[in-house]
Amino acid sequence: MTDRKVLTLVACAAPPVLRISELIGRLQQDGWIVCLTTTPTAATWIDRKALAQQTGYPVRVEWRMPGDPEPHPPATAVAVVPATFNVINKWAHGINDTLALGILNEALGADIPVHAFPSVKDQLAAHPSYDRHLQTLRYAGVIVTPLRTEPRWEPVVAQLWAAYASATLPVVDG
């Protein structure tokens, strides 16, 4: 069991991203090392410099060059908060056209807890493919919890902690 909790936090362009520094602060209070990656659009909505200072790591948006060192430590959990309609649909199809999606796709094979907290308009959630794509992600092991427009971060923090704790509990033979 390890005490080091490293969260790769992927943020998409939905209204809750405007308050992502609050979530990061709350996670840090709970002992998480938070490394932020955003979609290209979300990167234009946030203060990347301030968030890099808050986390101690660069906010990633673009792929690194071959041979460049990985700027974030290995994750013990991954969460996409907020997850948009576009990202959910692309992720379910395995599309890898942004760094954020690349990280999410790789996380499915990393044997660590993976969470999605969608923030999707009711009209988009009613699209016939949306539920099917959420089911695909659940089948792949993603823990999906819809996020309210004005999110309360405590449920997000609690769910990440619970998944991390259950994944790192020692196995006792007996």
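On a predicted model such as this, the values are computed, not experimentally measured, just so you know. (Residues numbered from 1 in each chain as written. Predicted model: local features only at pLDDT ≥ 70, side-chain atom pairs only at ≥ 80, totals over all residues. Heavy atoms only, no water.)

Digging into the nonpolar core
What counts is decided by this rule: Note on terminology: a nonpolar core comprises buried Ala, Val, Leu, Ile, Met, Phe, Trp, Tyr and Cys residues joined through side-chain atoms within 4.5 Å. Classification of residues uses two cut-offs on accessible area relative to the type maximum, computed with a 1.4 Å probe and protein chains only: under 20% is buried, over 50% is exposed, and between them is partly exposed. Each helix corresponds to a stretch of at least 4 residues labelled H or I by DSSP, and each strand to a stretch of at least 2 residues labelled E; elements are numbered beginning at the N terminus. Contact between two residues is taken to exist if any of their heavy atoms lie within 4.5 Å; hydrogens are not considered.
Counting 25 residues, the largest nonpolar core has Leu 9, Ile 20, Leu 23 and Val 81 as the members making the most contacts within it. Going through the elements one at a time, β1 (5-11), α1 (20-29), β2 (32-38), β3 (77-83) and α8 (153-168) are the ones with two or more residues in this core. For this core, the element with the most residues is α8, which contributes five residues. If we skip the residues at most four places from it in the chain, Leu 23 touches Leu 9, Val 81, Trp 153, Val 156 and Val 157.

Concerning the pairing of β2
Rule in force here: Two strands form a pair only when DSSP identifies at least two bridges running between them. With the strands aimed away from the viewer, a crossover counts as right-handed if its path from the first strand over the helix to the second runs clockwise.
The buried count for β2 comes to six of seven residues, which makes it a mostly enclosed element. Sheet topology note: the β1/β2 ladder contains seven bridges and is parallel. Bridging from a neighbouring strand, Ala 11 pairs with Thr 38 of β2. Assessed by its sense of winding, the connection that carries the chain from β1 through α1 to β2 is right-handed.

Looking at the packing of helix α4 (residues 85-93) against helix α5 (residues 99-107)
Threshold: Every axis in this analysis is a line fitted to C-alpha atoms, fitted for helices over the stretch in contact. Angles between the N-to-C directions lie between 0 and 180 degrees. Our angle categories are set so that under 35 degrees counts as roughly parallel, over 145 as roughly antiparallel, 65 to 115 as roughly perpendicular, and the remainder as oblique. Each crossing is labelled by how the near helix is turned from the far one, with a counterclockwise turn of less than a right angle marking it left-handed and a clockwise turn marking it right-handed.
At a minimum axis separation of 10 Å, α4 and α5 run at an interaxial angle of 50 degrees. If you check the angle between α4 and α5, you find them oblique. In the packing of α4 onto α5, the handedness of the crossing is right-handed. In this structure, α4 contributes Val 87, Lys 90 and Trp 91 to the contact, and α5 contributes Leu 101, Leu 104 and Asn 105.

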